[in-house]
Amino acid sequence: MPGMRTQVGIVGAGPAGLLLSHLLALNGIASVVLEARSRAYVEERIRAGVLEQGTIDTLDEAGVGARMRREGLLHHGIELCVNGRGHRIDLTGLTGGRAVMVYAQQEVVKDLIAARLVADGTILFEAEALAVEDHCADRPRIRYRHAGQEQTLNCDFVAGCDGTHGVARSAIPPDALTVFERSYPYAWLGILSPSPPPADELIYAHHERGFALYSMRSPSVSRLYVQCAPDDDLAAWPDERIWDELEARLGSEAGRPLQRGEVQQKAITPMRSFVAEPMQHGRLFLAGDSAHIVPPTGAKGLNLAVADVRLLSRALEAFYRHNDSTRLERYSADALWRVWRAQHFSWWMTTALHRSDDASGFDRRLQLSQLDYIIRSSAAVTSLAENYTGLPFAD
Ligand code: APR
Ligand code: PHB
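Because the structure is predicted, anything quoted here is derived from the model rather than measured. Chains are numbered independently. Their residues run from 1 in the order of the written sequence. Chains and ligands are labelled sequentially in the order written, the chains with letters from A and the ligands with numbers from 1. Totals for whole chains, interfaces and linings use every residue, but because this is a predicted model, local features are given only for residues with pLDDT of at least 70 and side-chain atom pairs only at 80 or more, for both listing and counting. Side-chain figures throughout are based on the complete set of non-hydrogen atoms in the structure, without hydrogens or water.

1. Details of the site of ligand 2
One heavy atom suffices: a residue is near a molecule or strand as soon as one of its heavy atoms comes within 4 Å of it. Inspection of the region around ligand 2 gives 14 residues, with Y204, S215, R217, Y225 and T297 positioned closest. At 2.8 Å from an oxygen atom of ligand 2 is found a side-chain nitrogen or oxygen belonging to R217. Isolated, ligand 2 exposes 280 Å² of accessible area, and the fraction of that covered by the protein chains is 99%. Only DSSP runs of H or I with at least four residues qualify as helices, and only runs of E with at least two residues qualify as strands; both kinds are numbered from the N terminus onward. If you list the elements that add at least two residues to the shell around ligand 2, you get β16 (212–218) and β17 (221–228). Considering every element that reaches the shell around ligand 2, the biggest residue donor is β16, with 3 residues. Classes in brief: Ala, Val, Leu, Ile, Met, Phe, Trp, Tyr, Cys and Pro nonpolar; Asp, Glu, Lys and Arg charged; the others, Gly included, polar. When grouped by side-chain class, the residues that make up the shell around ligand 2 number 9 nonpolar, 3 polar and 2 charged. Polar contact is the term for a pair of N or O atoms within 3.5 Å; when the atoms are in protein, one must be able to donate a hydrogen and the other to accept it, and sequence-neighboring residues count only if both atoms are side-chain atoms. Working definition of accessibility: Shrake-Rupley area with a 1.4 Å probe, residue cover restricted to the visible protein chains.

What follows is the structure in structure tokens.
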């Protein structure tokens, strides 16, 4: 069937697919983005909200950072709170000037969609990819359904940016893919509340009652999480119970009353670590959540997606501009270096801060010793700050 033709066919209009399309366009490379959901759906989907320094820089350099700079909140530190005792971690001082930006993922998505549309970029919403075919030959194609019709997108390369439940990864034969996974015996119950933040910076709290995280979306909207069991029912968490737990876990010794506001967007998120290797098969390249998932504690998911497409766009640029495919051949190995660093950091933050019912007395003592070491040792806290703000890009 004759179909549309482009240079890079991109499946998924999350941060990975949209940023890739934008970076390619800046280098004169054509792409088409296929997105199963509607524009409104992807622009409103609540996800994470902390951008590493390298992500901030990448968005700025790509000319899509203006609203983030105006409306985002630049943070130079975080608080680590252990059983009610708070300790500020000076991220910027410990990393030679690096910081993080609190700016919601769906805002990044809105900015990228706007930039693509202004530049006449093609994003087909409500276009569900059904299969990636012939990606081991020179002319791969994506079969998709749009407006009730099955259609074909012919391309030079396919970028699978379709998240963890997408179709791109399943086009790689199982014997060519190795999957590494880990699940955790806890989950997060998250809420959004139009209530003023109790502090200017994020608070990561380890408490005997379980982990809690105080984050924000703006100076008047709080984003709060409490550790719960993965099989907990939302019905067991009436609003008052959530506020009581947050206050018990986040309150410092001096007492830190939370202003209780309306509870919105109440949801339980399970946690998982997942990596599929390699991130490439023939002319199909995976980026973002389609290749890896991290538990949310280190706030790395979105940042890894950005790091992947930064590498992939540069590799495609070398191919189209200089007929040089060495960077494409190296893409998976280059990306996996950062993926595994972030996997380790996310696993470490998660296990260091959560309460596990299975932990022995010995395990709990080790956990407290680890947190105490972060507080007392400049070497240990510097390592945390370096990973949290994100390691610099090698290029
Ligand atoms: N056809 C077209 N689009 C698809 C298909 C399909 N078959 N399957 C999934 N999609 C779309 C989804 O609707 C979604 O919009 O792919 C997009 C994938 O986007 P994300 O899930 O946001 O993944 P990614 O761009 O890799 O961004 C990673 O998202 O999950 C968070 O915490 C994660 O912050 C990280 C970020
Ligand atoms: C968030 O604001 O949603 C958030 C912040 C920090 C994290 C995870 C999520 O580690």
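2. Concerning the pairing of β16
Only protein chains enter the area calculation, which uses a 1.4 Å probe; residues under 20% of their type maximum are buried, those over 50% are exposed, and those in between are partly exposed. Across the 7 residues of β16, 7 count as buried, placing the element largely inside the fold. In this scheme, strands are said to pair when DSSP sees at least two bridges between them. When strand β15 (residues 203–206) meets β16, the two strands line up antiparallel, connected through 3 bridges. Within the sheet, the bridge partner assigned to I203 lies in β16 and is Y214. With antiparallel pairing between neighbouring strands as the criterion, β15 and β16 make up a hairpin whose turn holds 5 residues, including G210 at a positive phi of roughly 130 degrees.

3. Examining helix α8 (residues 301–322)
Taking 1.5 Å per residue as the helical rise, α8 with its 22 residues ought to reach 32 Å, and the 32 Å between its terminal C-alpha atoms agrees with that figure. Two residues or fewer after α8 comes N323, characterised by a positive phi angle close to 55 degrees. Helix span, expected: 1.5 Å multiplied by one less than the number of residues in the helix.

4. Remarks on the packing of helix α1 (residues 15–26) against α8
Between N-to-C directions, angles span 0 to 180 degrees; the directions come from axes that are lines fitted to C-alpha atoms, helices contributing only their stretch in contact. In the contact formed by α1 and α8, the axes pass within 9 Å of each other and the chain directions differ by 30 degrees. Between α1 and α8, the interaxial angle falls into the category roughly parallel. At the point where α1 passes α8, the crossing takes the right-handed sense. Between α1 and α8, the contacting residues are P15, A16, L19, L20, L23 and L24 on the first element and L302, A305, V306, V309, R310, L312, S313 and L316 on the second. Of the residues in the contact of α1 with α8, the class split is 12 nonpolar, 1 polar and 1 charged. To sort the angles, those under 35 degrees are grouped as roughly parallel, those over 145 as roughly antiparallel, those from 65 to 115 as roughly perpendicular, and the leftovers as oblique. For a crossing to be left-handed, the near helix must be turned anticlockwise from the far one by less than a right angle; the clockwise case is right-handed. By definition in these notes, contact holds between two residues if any of their heavy atoms fall within 4.5 Å.

5. Points about the domain arrangement of the chain
These domain limits were set by an automatic method or by a database of domain assignments. Domain boundaries assigned for the chain yield domain 1 (3–49 + 104–177 + 278–352) and domain 2 (184–271 + 356–389). Defined in terms of a 1.4 Å probe, buried area is the accessible area two parts forfeit on being brought together, summed over both. Looking at the side of domain 1 facing domain 2, the largest losses of area belong to I46, W348 and A352, adding up to 30% of the total buried there. By salt bridge we mean one thing: a side-chain nitrogen of Lys or Arg within 4 Å of a carboxyl oxygen of Asp or Glu. Where domain 1 packs against domain 2, one counts 0 salt bridges. Inspection of the domain 1/domain 2 interface yields 6 residue pairs in polar contact (both at pLDDT 80 or more).

6. Digging into the sheet that holds strand β1 (residues 4–5)
The strand order across the open sheet built from 4 strands is β1-β12-β11-β10, with neighbouring strands paired in mixed fashion. Two strands bound the open sheet, and with one partner strand each, they are β1 and β10 (127–133). Pairing between β1 and strand β12 (residues 149–154): 2 bridges, direction parallel. Of the residues in β12, the one forming a bridge with M4 is L153.

7. Digging into empty space enclosed by the protein
Cavity: a set of points on a 1 Å grid over the protein atoms alone where a 1.4 Å probe fits but cannot get out. Pocket: an open set with protein on both sides within 12 Å along at least five of seven lines, its lining residues, like those of a cavity, having an atom within 4 Å of a point. Grid points are joined across faces, edges and corners, and a volume is the space filled by probe spheres set on the points. Counted according to the given criterion, the structure contains 2 cavities of 30 Å³ or more. Considering only enclosed or pocket space, the largest cavity measures out at about 110 Å³ in volume. Together, E52, K300, N303, L304, W337, R338, R341, A342, F345, N387, G390 and L391 line the largest cavity. Those elements that provide at least two residues to the lining of the largest cavity are α8 and α9 (326–353).

8. A word on the sheet that holds strand β21 (residues 292–293)
Sheet architecture is open: 8 strands sit in the order β7-β6-β15-β16-β17-β14-β18-β21, paired in mixed fashion. Taken across any chain shown, the strands that pair with only one partner, and hence form the sheet edges, are β7 (85–89) and β21. Judged from the 5 bridges that link them, strand β6 (residues 78–82) and β7 form a sheet pairing that is antiparallel. For I78, the partnering residue across the bridge sits in β7 and is I89. On the sheet, helix α7 (residues 239–250) packs against β6, β14 (178–193), β15, β16, β17 and β18 (264–277) and is oriented at approximately 85 degrees with respect to β17.

9. Quick notes on the site of ligand 1
Lining the immediate environment of ligand 1, one finds 27 residues, of which E35, R45, R47, Q105 and D289 sit closest. With respect to ligand 1, the backbone of A129 contributes an N or O atom lying 2.8 Å from a nitrogen atom. Take L302: an N or O atom from its main chain is 2.9 Å from an oxygen atom of ligand 1. In isolation ligand 1 has 710 Å² of accessible area, and contact with the protein removes 88% of it. Each residue belonging to the shell around ligand 1 can be placed in one class, and the counts come to 13 nonpolar, 7 polar and 7 charged.

10. A short note on the pattern of salt bridges
Oppositely charged side chains may form a pair once their charged atoms are brought near each other. One pass over the structure, following the stated rule, counts 27 salt bridges. Across the pair E43 and R39 runs a salt bridge whose closest N-O atoms are separated by 3.1 Å. Linking E43 with R39, this pair stays in helix α2 (residues 39–44), spanning 4 residues, or about one helical turn. Residue classification places R39 among the partly exposed positions, given a relative accessible area of 36%. The structure contains a network of salt bridges with shared partners spanning R67, E71, E107, K110 and D111.

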